[in-house]
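Take a look at the letters that make up each chain.
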Amino acid sequence: MKKLMMLIVLFMACNWLMSQSIVSKSAPVPGMDYRNEIQKLLQIEKQGTQNADLYNNIGICYYHLNQTGVATVYFLRALNLKSDHPDAKNNLDFVMDLSKDKALYPQRAFLVQFFFRWYDFLNINRFALLALFLLLLFALSVHWTIHYDREKELGLPVLFTLISAILLFTCTVMLFTKYNRMRHNSKAVIISSESDGYSGAGTQYNKLFSASEGLIVHIQKESGEWSLILLPNGVSGWIRKTELLRVVPK
Amino acid sequence: MVVGLRVKQWSLLLIILTMASMMCAKISVSAGVDKPRVGLGDQIRYTVTVSSDKIVAMREPSVPKVTGLLFQTVFTTSMTSVSSINFRTVKQIDRSFTYIFIATKQGNITIPEFDIQVEDSSYRVDPVSIEVVAANTSPPQTPRSRGNVYDPWGYDEPSHWDKPQFSTGSTFLYAIPEKSTVYLGEPIVVSYYLYTNQAVTSLNLTDEKDYEGYGKEIYEQPSTLDFQNVKYQGSYYKRSLIKRIALSPNNVGKIKAPTLSGLVKMYDFTTRTMDIASQDLNFDVLPLPRNGRPEDFSGAIGSFTVSGYLDTKDISLGDAFNYVLQISGKGNYNQFTAPLFAASTNFQISEPVITDNLNAGTEGKRTIYYTIIPQEKGSFELPELEFNWFDASAGVYRSFRSKREHLVIRPANVFSYFTNFFARDRQTQIQDLIPHDSYRTDTIFMRQAWYWIVVLIITLALLYSAYLAWGNRLQFRDPIKYNNLQAERILKKYLRDAGTAAQKQSGEFYPLAERGLMRYLSQKYHIPMHLPIKDKLELLLSKSVGDELLGSLTAFLDQCQRVRYMPGAFEPSSIEHDMQNLIAIIKGFDSLSGSGGKP
């Protein structure tokens, strides 16, 4: 019973935490000139500014200009920089729902979704601060252990040290994994309305599939003008580079 | 009238200009190696690619001469791709010259830049650098085994084989099909061999002419000439596999296999070249029989082994589990998709996920995963999954049906209820722009100096704490050693200061030396510091310090007292002597073990 209660409390806490990131906003501003706006935003991006809000706003403009593929790329760029960006997350969910190929995305079990929500909530900076805190905790635990009264049983400080070491190790691994993924994200989005995937790098090879604009894929290999991509359902094939846009440009 | 004439002239001029621009080929030349770092003795593939939007006249570039790279052979490939971008058809023709080298020297090697003549223009190929490192320690690669490769016309070397005569003979490309009759859609492998009884040094494939009625994939393409001895039409030849292509016929009737042509270089007293081409090769494509064809025939043709299984049978409501269908063997994998389960209200079955492990899309294994989520608890039968294919070797249709699986779905566990929990967060409209006066690059803490300084401080603090803990542990386990260490540390500090004063011939030497010495002795022999010198000396006497050493100590301390308190007693010239005395006293005490006692 106690366990169930704890679980419910934990679940409610998580739900509250997640709901913090869902902010309902008004409908698009009528009469907004998205073509002009996007020119301004792209100019700022060209100057080297890497800002999640900027990417999100560019994505919104592209969406209103009926370029859902490019819009998806910019929402992904915003999330690549700040994985807990609420607007970019919601906008990405929205454009993914519109995709013709949405059935290709695998359905995740609750616990997996739950893990990814936490993983996204801990953006790179939150992870960095958590790692710092755990390093401090680990240092204090070690200090406590090595200066502990020799006459007393060492069990408790050793347990603390062990737990803090495991937490620190896990957090550090996840932090560097996230940082590495942020820098070398292999995700890309189909930007042409319909793209054909072939079994080799050329149109003379057999056609394997067709993918629609906005589908998020992973680039596995590149050869000349062609990229080997992996669809969300596990099928892979070669597609023209010009029909894709990388989340992290090379 | 005049205006009309001018309009016509301008239109004509525009048409001519447009045509001229279309006629003018867009050419680009690039070069690269397959790997920038190789081991000594490894093979390097250096490829020069000429891309254009139309067929261009050009000669094969001469072999780049590079010290440290031994030229092996060269082959040419060409590829044409046609695509439609913005309703405009774009054609691209890539012609690649691949030179095979063996690295013979360690170090950095540069394949120099050179010019290549395409049409009437000259194009510069950029230099390419390679690093050749010491040879790999792994065992050397053995030559490709013929035994594992499909070889329909394989022939063992006869015992009476004589070495072929190279002065006269013939060299030709020969295409060998896997079989002469195939069914529509059934993949067929065509092997192209170079037959020769001359001293062939290299083969450069210059063209691969395609015909209508099939799709193709490269099945195998060796990079070097690897000859074996065979007998063909009563004569002995050497032959080497050049290429294997898998063809998938898409028309019924006679189909002509691609024709390969190339340039052979051979040594016949002098080096000479010869054009060769594979013979015309036709095979018959039969339609699939109508008799026995299932209504939901998948289009799969080949020799397959099919099996299926459930990854678990321990299922609770809301849990997801997989049905795995495996298809292995040889067939037209690229021309059929995954079969679908029959509809069911008791199970939600996802789109199949396909994982292929295939060679040229014709041979290997395909695994298909179906994710299934039960919709209610109880005992249900999993809907049937049927996969039909045409067995080309037997000429009959075959079918695979999944086993009838009765599944008991248990009540859900607590997590199963929440599978679609997060779906309620989905937005029904796109958000508005986030208002910003200006945008600044988002700060990433890991890239900030302060972050790493804090990490460094914590780490240093931890190290200092560990050092202190080590001292405490030593004091607890071996107090004598700890005291000696502490005493030496004190002594070192004061001796350093006293030594500096002695070098400067300063009177400060005496108080520093006295203080250092007394602190050292106090730490080592546990003598309270507040005692007068006389009492300290008496205590030292009780600690069994030798009389001679004690005498030297007393004399040195007297000298210190004298210099400090007696006006005119300080003589700079005596400092050096006193410093030597001090060192001798310390050595004397150092040689005494523990916190007292004679050595």
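Residues numbered from 1 in each chain as written. Chains lettered and ligands numbered in written order. Predicted model: local features only at pLDDT ≥ 70, side-chain atom pairs only at ≥ 80, totals over all residues. Heavy atoms only, no water.

### A look at the overall build of chain B
Thought 1: Along the backbone of chain B there are seven helices and 30 strands.
Thought 2: A buried classification covers 42% of the 599 residues belonging to chain B.
Thought 3: Contacts spanning at least 24 positions in sequence make up 71% of the contacts within chain B whose residues lie at least 6 apart.
Thought 4: When the accessible surface of chain B is totalled, it reaches about 33,600 Å², and 53% of it is carbon and sulfur. (Helix = DSSP H or I, 4+ residues; strand = E, 2+ residues; numbered from the N terminus. Buried < 20%, exposed > 50% of the residue type's maximum accessible area, 1.4 Å probe, protein only. Contact = heavy atoms within 4.5 Å. Areas by Shrake-Rupley, 256 points an atom, 1.4 Å probe, with all protein chains shown as cover.)

### Observations regarding the sheet that holds strand S30 (residues 406-410) of chain B
Residue and element names in this part refer to chain B.
Thought 1: With mixed pairing, three strands are arranged side by side in an open sheet as S22-S30-S27. Each end of this open sheet is capped by a strand with a single partner; those strands are strand S22 (315-316) and strand S27 (378-381).
Thought 2: Two strands pair when backbone bridges link them, and S22 and S30 are joined in this way by two bridges, in the parallel orientation. Its bridge partner being in S30, Ile315 is matched across the sheet by Ile409. (Pairing = 2+ DSSP bridges.)

### Quick word on the packing of aromatic side chains
Thought 1: Throughout the structure, instances matching the rule amount to 42 aromatic pairs over all chains.
Thought 2: With centroids separated by 5.6 Å and ring planes inclined at 75°, the aromatic side chains of A:Trp144 and A:Phe160 adopt a geometry described as edge-to-face. You can see A:Trp144 sitting in helix H7 (residues 124-146) and its partner A:Phe160 sitting in helix H8 (residues 155-183), a full 16 residues away along the chain.
Thought 3: Taking the relative accessible area as the measure of exposure, A:Trp144 reaches 33% and is therefore partly exposed.
Thought 4: Ring geometry for B:Phe172 against B:Tyr232: centres 5.6 Å apart, planes inclined by 45°, an arrangement best described as tilted. Taken together, the positions of B:Phe172 in strand S10 (residues 171-177) and B:Tyr232 in strand S15 (residues 227-232) put the pair 60 residues apart, joining distant regions of the chain. Grouping residues by exposure puts B:Phe172 and B:Tyr232 together as buried.
Thought 5: Put simply, the rings of B:Phe172, B:Tyr174, B:Tyr193, B:Tyr195, B:Tyr232 and B:Tyr237 touch in pairs and so form one group of aromatic residues.
Thought 6: Lying over the aromatic face of A:Phe121, A:Arg126 brings its terminal NZ or CZ to 4.4 Å of the ring centre. (Phe/Tyr/Trp six-rings, centres within 6.5 Å; stacked < 30°, edge-to-face > 60°. Lys NZ or Arg CZ within 6 Å of the ring centre and 35° of its normal.)

### Quick word on the sheet that holds strand S9 (residues 128-133) of chain B
Residue and element names in this part refer to chain B.
Thought 1: Read across the sheet, three strands follow the order S2-S9-S6 without closing on themselves; strand pairing throughout is mixed. With partners counted over all chains shown, the strands left at the sheet margins are strand S2 (37-39) and strand S6 (107-111), one partner each. Ignoring which end each strand starts from, the neighbouring axes of this sheet average 30° apart.
Thought 2: The pairing of S6 with S9 spans five bridges and is antiparallel. Paired with Ile111 across the bridge in S9 is Val128. (Axes fitted to C-alpha atoms, helices over the stretch in contact; angles between N-to-C directions.)

### Describing the pattern of salt bridges
Thought 1: Using the criterion set out here, one finds 22 salt bridges over all chains in the structure.
Thought 2: Notably, a salt bridge pairs A:Asp196 with A:Lys207, separated by 3.5 Å at the nearest N-O pair. With A:Asp196 in strand S2 (residues 194-198) and A:Lys207 in strand S3 (residues 207-212), this residue pair connects regions lying 11 residues apart in the sequence.
Thought 3: On the accessibility criterion, A:Asp196 (25% relative accessible area) is partly exposed.
Thought 4: Where B:Arg124 meets B:Glu113, a salt bridge forms, and the shortest distance between an N and an O atom there is 3.1 Å. Of this pair, B:Arg124 sits in strand S8 (residues 121-125) while B:Glu113 sits in the loop between S6 and strand S7 (114-118), and the two are 11 residues apart along the sequence.
Thought 5: Salt bridges here are not isolated pairs; linked through shared partners, they connect B:Glu208, B:Asp210, B:Lys216 and B:Lys243. (Salt bridge = Lys/Arg side-chain N within 4 Å of Asp/Glu carboxyl O.)

### Here we look at unusual backbone geometry
Thought 1: The phi angle at A:Asn66 is positive, at roughly 65°, despite the residue not being glycine.
Thought 2: You can see A:Asn66 is positioned in the loop between helix H3 (52-64) and helix H4 (68-81).
Thought 3: Despite not being glycine, B:Gln233 has its phi angle at roughly 50°, a positive value.
Thought 4: In this structure, B:Gln233 sits in the loop between S15 and strand S16 (235-249).
Thought 5: You can call B:Gln233 exposed: its relative accessible area is 69%.

### Topic: the confidence of the model for chain B
Thought 1: Here chain B shows a mean pLDDT of 79. Residues at 70 or above account for 83%.
Thought 2: Note on residues 136-167 of chain B: pLDDT under 50 across the span, and 42 contacts to partners over four residues away in sequence or across chains. (pLDDT = per-residue confidence, 0-100.)

### Some thoughts on the nonpolar core
Thought 1: Of all hydrophobic cores here, the largest spans 98 residues; its most connected members are A:Ile229, B:Tyr323, B:Leu325, B:Ile327, B:Leu382 and B:Tyr451.
Thought 2: At 10 residues, the largest contribution of residues to this core is made by H7(A).
Thought 3: If near-sequence neighbours (up to four positions away) are discounted, B:Leu382 is found in contact with B:Leu310, B:Phe321, B:Tyr323, B:Phe341, B:Phe347, B:Ile372, B:Glu405 and B:Leu407.
Thought 4: Among the nonpolar cores identified, the runner-up in size contains 33 residues, and B:Leu491, B:Ala502, B:Phe509 and B:Tyr525 belong to it. (Core = buried A, V, L, I, M, F, W, Y, C linked by side-chain atoms within 4.5 Å.)

### Observations concerning helix H2 (residues 449-477) of chain B
Thought 1: Compared with the 42 Å implied by 1.5 Å per residue over 29 residues, the 42 Å span of H2(B) between its first and last C-alpha is a close match.
Thought 2: Those residues of H2(B) not exposed but buried are B:Tyr451, B:Val455, B:Ile458, B:Leu462, B:Ser465, B:Ala469, B:Gly471 and B:Leu474. (Expected span 1.5 Å × (residues − 1).)

### Section: the packing of H3(A) against helix H5 (residues 86-98) of chain A
Helices that pack against each other are described as a pair by the angle of their axes relative to one another and the distance between those axes.
All names here are of chain A.
Thought 1: Where H3 meets H5, the axes come as close as 10 Å, and the angle between the chain directions of the two elements is 30°. Comparing the axis directions of H3 and H5 gives the class roughly parallel. H5 is crossed by H3, and the crossing has left-handed handedness. Here Asn56, Ile60 and Tyr63 of H3 lie close against H5, whose contacting residues are Asp87, Ala88, Asn91, Phe94, Val95 and Leu98.
Thought 2: In terms of residue class, the contact of H3 with H5 is built from six nonpolar, two polar and one charged. (Parallel < 35°, antiparallel > 145°, perpendicular 65-115°, else oblique. Left-handed = near helix turned anticlockwise from the far one by under 90°. Nonpolar A, V, L, I, M, F, W, Y, C, P; charged D, E, K, R; others polar.)

### Quick notes on the confidence of the model for chain A
Thought 1: Per-residue confidence for chain A averages 86 on the pLDDT scale, and 88% of its residues sit at or above 70.
Thought 2: Every residue in residues 16-28 of chain A scores below 50 in pLDDT, and together they form 24 contacts with partners more than four places removed in sequence or on other chains.

### A closer look at the packing of H2(B) against helix H3 (residues 479-503) of chain B
Residue and element names in this part refer to chain B.
Thought 1: Where H2 meets H3, the axes come as close as 5 Å, and the angle between the chain directions of the two elements is 125°. Classified by the angle their axes make, H2 and H3 are oblique. Where H2 abuts H3, its residues Tyr467, Trp470, Gly471, Leu474, Gln475, Phe476 and Arg477 lie against Pro479, Lys481, Tyr482, Leu485 and Arg489.
Thought 2: Looking at side-chain class alone, the contact of H2 with H3 contains seven nonpolar, two polar and three charged residues.

### A look at the environment of A:Thr49
Thought 1: The residue A:Thr49 is located in the loop between helix H2 (34-46) and H3 in this model.
Thought 2: Excluding anything up to four places from it in sequence, A:Thr49 contacts A:Ile44, A:Leu54, A:Tyr55, B:Tyr439, B:Arg440 and B:Thr441.
Thought 3: A polar contact of 3.3 Å, which involves the side chain of A:Thr49, links it to the backbone oxygen of A:Ile44. (Polar contact = N/O pair within 3.5 Å; in protein donor to acceptor, adjacent residues only side chain to side chain.)

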